[in-house]
Number of protein chains: 2
Amino acid sequence: MKWEENVRRVEPYIPGEQPKEANVIKLNTNECPYPPAPGVREKLRQMDADSLRLYPDTSIGELAKELCTYYGVLPEQLFIGVGSDDVLSMAFLTFFHSDKPILFPDITYSFYDVWAELYRIPYELQPLDDRFFIRKEDYFKPNGGIIIPNPNAPTGVFEEVGIMEEIIAANRESVVIIDEAYIDFGGESCLRLIDKYDNLLIVQTFSKSRAMAGMRIGFAMGNPKLISYLQDAKFSFNSYTMNTPSILLGAEAVKDKEYFKETSEKIINTRENTKLRLKEMGFSFPDSKGNFIFAAHEKIPAKEIFTALKEKNIFVRYWDKPRIGNYLRISIGTPEEMDVLIENLKGVVEHGDIY
Amino acid sequence: MKWEENVRRVEPYIPGEQPKEANVIKLNTNECPYPPAPGVREKLRQMDADSLRLYPDTSIGELAKELCTYYGVLPEQLFIGVGSDDVLSMAFLTFFHSDKPILFPDITYSFYDVWAELYRIPYELQPLDDRFFIRKEDYFKPNGGIIIPNPNAPTGVFEEVGIMEEIIAANRESVVIIDEAYIDFGGESCLRLIDKYDNLLIVQTFSKSRAMAGMRIGFAMGNPKLISYLQDAKFSFNSYTMNTPSILLGAEAVKDKEYFKETSEKIINTRENTKLRLKEMGFSFPDSKGNFIFAAHEKIPAKEIFTALKEKNIFVRYWDKPRIGNYLRISIGTPEEMDVLIENLKGVVEHGDIY
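Rules and cut-offs
- Residues numbered from 1 in each chain as written.
- Chains lettered and ligands numbered in written order.
- Predicted model: local features only at pLDDT ≥ 70, side-chain atom pairs only at ≥ 80, totals over all residues.
- Heavy atoms only, no water.
- 1 Å grid on protein atoms, 1.4 Å probe; cavity = no way out; pocket = protein on both sides within 12 Å on 5 of 7 lines; lining within 4 Å.
- Points joined across faces, edges and corners; volume = space filled by probe spheres on them.
- Nonpolar A, V, L, I, M, F, W, Y, C, P; charged D, E, K, R; others polar.
- Pairing = 2+ DSSP bridges.
- Helix = DSSP H or I, 4+ residues; strand = E, 2+ residues; numbered from the N terminus.
- Contact = heavy atoms within 4.5 Å.
- Axes fitted to C-alpha atoms, helices over the stretch in contact; angles between N-to-C directions.
- Buried < 20%, exposed > 50% of the residue type's maximum accessible area, 1.4 Å probe, protein only.
- Polar contact = N/O pair within 3.5 Å; in protein donor to acceptor, adjacent residues only side chain to side chain.
- Expected span 1.5 Å × (residues − 1).
- Phe/Tyr/Trp six-rings, centres within 6.5 Å; stacked < 30°, edge-to-face > 60°.
- UniProt positions renumbered as here; feature names shortened; annotations may be inferred.
- Salt bridge = Lys/Arg side-chain N within 4 Å of Asp/Glu carboxyl O.
- Disulfide = S-S within 2.5 Å.
- Domains from an automatic or database assignment.
- Buried area = accessible area lost by both parts, 1.4 Å probe.
- Parallel < 35°, antiparallel > 145°, perpendicular 65-115°, else oblique.
- Left-handed = near helix turned anticlockwise from the far one by under 90°.
- Least-squares fit on C-alpha atoms with pLDDT ≥ 70 in both.

A. Representation of empty space enclosed by the protein in the model. Evaluation of the coordinates by the stated rule reveals 6 cavities of 30 Å³ or more. When its volume is computed, the largest cavity comes out at roughly 370 Å³. What lines the largest cavity is a set of 29 residues, among which A:Y55, B:Y13, B:Y109, B:Y182 and B:K208 lie closest to the centre. Of the residues in the lining of the largest cavity, the class split is 13 nonpolar, 10 polar and 6 charged.

B. Spatial organisation of the sheet that holds strand β12 (residues 317-318) of chain A. All names here are of chain A. Overall, antiparallel pairing links the 4 strands, which are arranged β9-β10-β13-β12 in an open sheet. Where the open sheet ends on each side, the last strands, each with one partner, are β9 (283-284) and β12. As defined by bridge partners, β9 adjoins strand β10 (residues 292-297) across 2 bridges and the pair is classed as antiparallel. Note that in β10 the partner of F283 across the bridge is H297. Lying on the sheet, helix α8 (residues 257-280) is in contact with β9 and β10; it crosses β10 at an angle near 5°. Most of the contacts of helix α10 (residues 335-351) go to strand β13 (residues 328-331), to which it runs at about 155°, and overall it touches β9, β10 and β13.

C. Fine view of the side chain of B:R271. Residue and element names in this part refer to chain B. Checked against the element boundaries, R271 lands in helix α8 (residues 257-280). On the basis of relative accessibility, which here comes to 2%, the residue R271 falls in the buried class. A distance of 2.8 Å separates a polar atom in the side chain of R271 from the backbone oxygen of F185. Setting aside its immediate chain neighbours within four residues, R271 contacts F185, S288, K289, G290, F292, I293 and I332.

D. Spatial organisation of α8(A). Residue and element names in this part refer to chain A. The first and last C-alpha atoms of α8 sit 35 Å apart over 24 residues, in line with the 34 Å expected at 1.5 Å per residue. Those residues of α8 that sit buried are Y259, F260, T263, S264, I267, I268, T270, R271, T274, K275 and L278. Next to the buried residues of α8 lie α1 (38-46), α2 (61-71), β9, β10 and α10. Positive phi shows up at G282, right after α8, with a value of about 95°.

E. Representation of the packing of aromatic side chains in the model. This model, assessed by the stated rule, comprises 49 aromatic pairs over all chains. Summarising the aromatic geometry, the rings of A:Y112 and A:W115 are spaced 6.4 Å apart at their centres and angled 35° between planes, so their arrangement reads as tilted. Here A:W115 and A:Y112 lie together in helix α4 (residues 112-118), a separation of 3 residues that amounts to about one turn. Exposure remark for A:W115: the relative accessible area of 0% places this residue in the buried category. Measuring from ring centre to ring centre gives 5.8 Å for B:F206 and B:F219, while their planes differ by 85°; the resulting arrangement is edge-to-face. With B:F206 in the loop between β7 (200-205) and β8 (218-221) and B:F219 in strand β8, this residue pair connects regions lying 13 residues apart in the sequence.

F. Examining the UniProt feature "domain: Aminotransferase class I/classII large" (unreviewed entry) in chain A more closely. Under the present numbering, the feature "domain: Aminotransferase class I/classII large" (unreviewed entry) in UniProt falls on residues 23-345 of chain A. Between the end C-alpha atoms of residues 23-345 of chain A the distance is 18 Å, and the span holds 37% helix and 15% strand.

G. Structural context of the interface of chain A and chain B. Of the residues lining the interface, 90 residues belong to chain A; the matching set on chain B comes to 89 residues. The interface formed by chain A and chain B holds 6 salt bridges in total. A salt bridge links B:E173 to A:K2, with the shortest nitrogen-to-oxygen separation between them at 3.5 Å. On inspection of chain A and its partner chain B, the count reaches 52 residue pairs in polar contact (both at pLDDT 80 or more). Among the secondary structure elements, those contributing two or more residues to the side of chain A that touches chain B are α1, α3 (83-95), α4, α6 (224-235) and α7 (244-255) of chain A.

H. Just the sheet that holds strand β12 (residues 328-331) of chain B, in detail. Residue and element names in this part refer to chain B. Pairing is antiparallel in the open sheet, where 3 strands are placed in the order β9-β10-β12. Single-partner strands in this sheet number two, and they are β9 (283-284) and β12. Against the sheet, α8 makes contact with β9 and β10 (292-297), and its axis sits at roughly 5° relative to β10, the strand it touches most.

I. Layout of α6(A). All names here are of chain A. Along its 12 residues, α6 runs 16 Å from first to last C-alpha, staying within 8% of the 16 Å computed at 1.5 Å per residue. Turning to α6, its buried residues number three or more, namely L226, I227, Y229, L230, A233, K234 and F235. Among the residues of α6, the N-terminal cap falls to N223, whose side-chain oxygen and the backbone nitrogen of K225 are separated by 2.8 Å.

J. Geometry of the side chain of B:S209. Residues and elements named next belong to chain B. For S209, the location among the structural elements is in the loop between β7 and β8. Polar contacts involving the side chain of S209 include one to the side chain of D184, which spans 2.5 Å. Among residues more than four places away in sequence, those in contact with S209 are D184, F185, F260, T263 and S264.

K. Region of the structure containing the state of the cysteines. Under the defined criterion, the tally for this structure stands at 0 disulfides over all chains. For the unlinked cysteine A:C68, the closest cysteine sulfur is that of A:C190, found at 20 Å.

L. View of the domain arrangement of chain A. Residues and elements named next belong to chain A. What the domain assignment lists for chain A is domain 1 (2-35 + 258-351) and domain 2 (38-256). Here the C-alpha centre of domain 2 lies 23 Å away from the C-alpha centre of domain 1. The partner domain 2 presents 36 residues to the 34 residues of domain 1 that form the contact. Carbon and sulfur atoms supply 62% of the area that domain 1 and domain 2 bury against each other, a total of about 2,700 Å² over both sides. Of all residues in domain 1, Y13, F260 and R323 give up the largest surface area on contact with domain 2, accounting jointly for 28% of the area buried on that side. Here D106 and R323 are joined by a salt bridge, their closest N and O atoms 2.4 Å apart. Counting across the domain 1 and domain 2 interface gives 11 residue pairs in polar contact (both at pLDDT 80 or more). Breaking the side of domain 1 that touches domain 2 down by element, the ones donating at least two residues are α8 and β10. No other element matches α8, which puts 8 residues into the side of domain 1 that touches domain 2. Looking at side-chain class alone, the side of domain 1 that touches domain 2 contains 16 nonpolar, 7 polar and 11 charged residues.

M. A look at the packing of α1(A) against α7(A). Residues and elements named next belong to chain A. Two numbers describe how α1 lies on α7: the axes approach to 8 Å, and their chain directions differ by 150°. Relative to α7, the element α1 lies roughly antiparallel. Handedness of the crossing formed by α1 with α7: right-handed. On α7, the residues that touch G39, V40, K43 and L44 of α1 are L248, L249, E252 and A253. Its residues placed into classes, the contact of α1 with α7 shows 5 nonpolar, 1 polar and 2 charged.

N. Molecular detail of the relation of the copies chain A and chain B. Of the transformation superimposing chain A on chain B, the axial component is 0.0 Å and the angular component is 180°, with the fit at an RMSD of 0.0 Å. Given the turn and translation reported, the copies of this chain are related as if by a two-fold rotation axis. When C-alpha positions in chain A are compared against the rotation axis, the closest is assigned to A:R45, at 2.7 Å.

O. Representation of the UniProt feature "modified residue: N6-(pyridoxal phosphate)lysine" (unreviewed entry) in chain A. Per the UniProt record, the feature "modified residue: N6-(pyridoxal phosphate)lysine" (unreviewed entry) sits at A:K208. Looking at the secondary structure, you find A:K208 in the loop between β7 (200-205) and β8 (218-221). Residue classification places A:K208 among the buried residues on the basis of a relative accessible area of 6%. Ignoring any residue separated from it by four or fewer positions in sequence, one finds A:K208 in contact with A:T29, A:N30, A:C32, A:A181, A:Y182, A:F185, A:N291 and B:Y55. Only 3.2 Å separates the side chain of A:K208 from the backbone oxygen of A:T29, close enough to count as a polar contact.

Spelled out as structure tokens, the structure:
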């Protein structure tokens, strides 16, 4: 068809499977194994259906207010979007507009190169070392922007704030985005650096620690100038991205600090316990600070374990890609789910229980 | 700041005001004056808050199923997004990728040129005639794509399907998008043409006739090839744009055909009645098929009426722009709201009741 000549062709990102069967143990997309805060359920019950006829609050007021209070930032330092994917995509479009390549790790969130391709942004991968850490010197050269996830995914590796600060300080002519999707599971946020560095954007999400992947809420924090450019881009795209339920329910999730702390700690404990059990079985892995473990077995190829687990309705994530093709990314579920996982893993690695 | 050199600067779209006061008559953003279908309220009460911890269904299954049934299209002929703004923006990005200019009317939805600027798409405005109709010959020249709203906004003018078909047929080498945001208020949809023309994309929304502006749901229908390009673009941007409540509540809104028909008819009746009353008062306007009327008064400038109404807490829309600077776009509210509007308008135009 002739009109196809004018189509922008892109290679889409492929998200993890969303199996629809009931009896599944779902450890493949790093969701929270616990429900959202009780106040979210309460608010859902009380929500006024009639008000849905009206456009949502463009200022995202109620949710913004709670986030500003929780993180101690000003409204003009905060940007909210439809999941951190929306926020990151908008940030790529807005800030990575140079002819020089942007820089990010070779093993990382696989959406980064998809956005770069979509917006025709040149990019250059910086190889992680053998232990999956970044080499900070890789980020000391001319560039059109930098994005680093901390902790990194799918590795779980956390880089100290001091190292991140060196990179931010060495790149005052570029915007440095730190994707902190997994920061609430034991890492330390670089948020406190936003007042010191006007080129720093911190991005976080409600999909992991706040148990609201289904609501699609992400946010960015940075100096007011950065944020205002993001707002302009957003208002050039879609004035009302956040629907009314996401604003109201999101606000409730942030209000309950105790519940947030408690579920994050439960997940950290389960992760540390799972590490011990995996090690005993002959798995090795970088020391994850995420809500997942990126593990390789000493004898059995990851692909075989992945397939064997899937046969048992246990979903983990596997990428058939160079350098990571022998690893599984296992999300941290409830202690009970991890028991079932460990039992099945034992079947596979100790008794060759492979179909 | 040095990083600003690499920022993509854009001129954002400015949406209509969302006044927060209670006692306001809001006739400025073409929302539905009636609440969403009763099933929506029901579903909101029953929704499982715990399930919000999981990512939404990427296939948007339940909502897609209802839309396919209602409109008689296949799943592969349907694309769903975060309001029709998201759908249209994605379609601009995907289909308008030529060096030739895209074409659209000079008086139209003011987001079109914003998207064109955002994505660096060349465009050429085609002037409407004195009665605000398009001149179809304007669209018979080489172009990189065409977008026409039908009915047009803010004029309300509806173009016959035959005229639209001539334009579509004359442009088989471009994608022609028909923005049917206001089609449910008496116009005839071009939907039946999608099987005949592979270059035709129809875009509609839940924000007007389906009373769900607060949920942010829009959709496009076209041949499977067009739709698959849109899906690729969407999955390159954000895999999960529709949150779980929008999928579940949206499905309920589509299920209730009776309620939909009934509210649309009520709005049409109120519009026709309002036309008569406006005419009596010395207003003139194109014959609107939208849920609004685009009216100019024979004596009093629109800007003065706009300000006088605002003083009385009645919000209508006004643009201080060439060719339309003497018009007000008045959304159709309930009969009671229109009574208050008419009374206040009388005060202004008959008794010079201007502050």
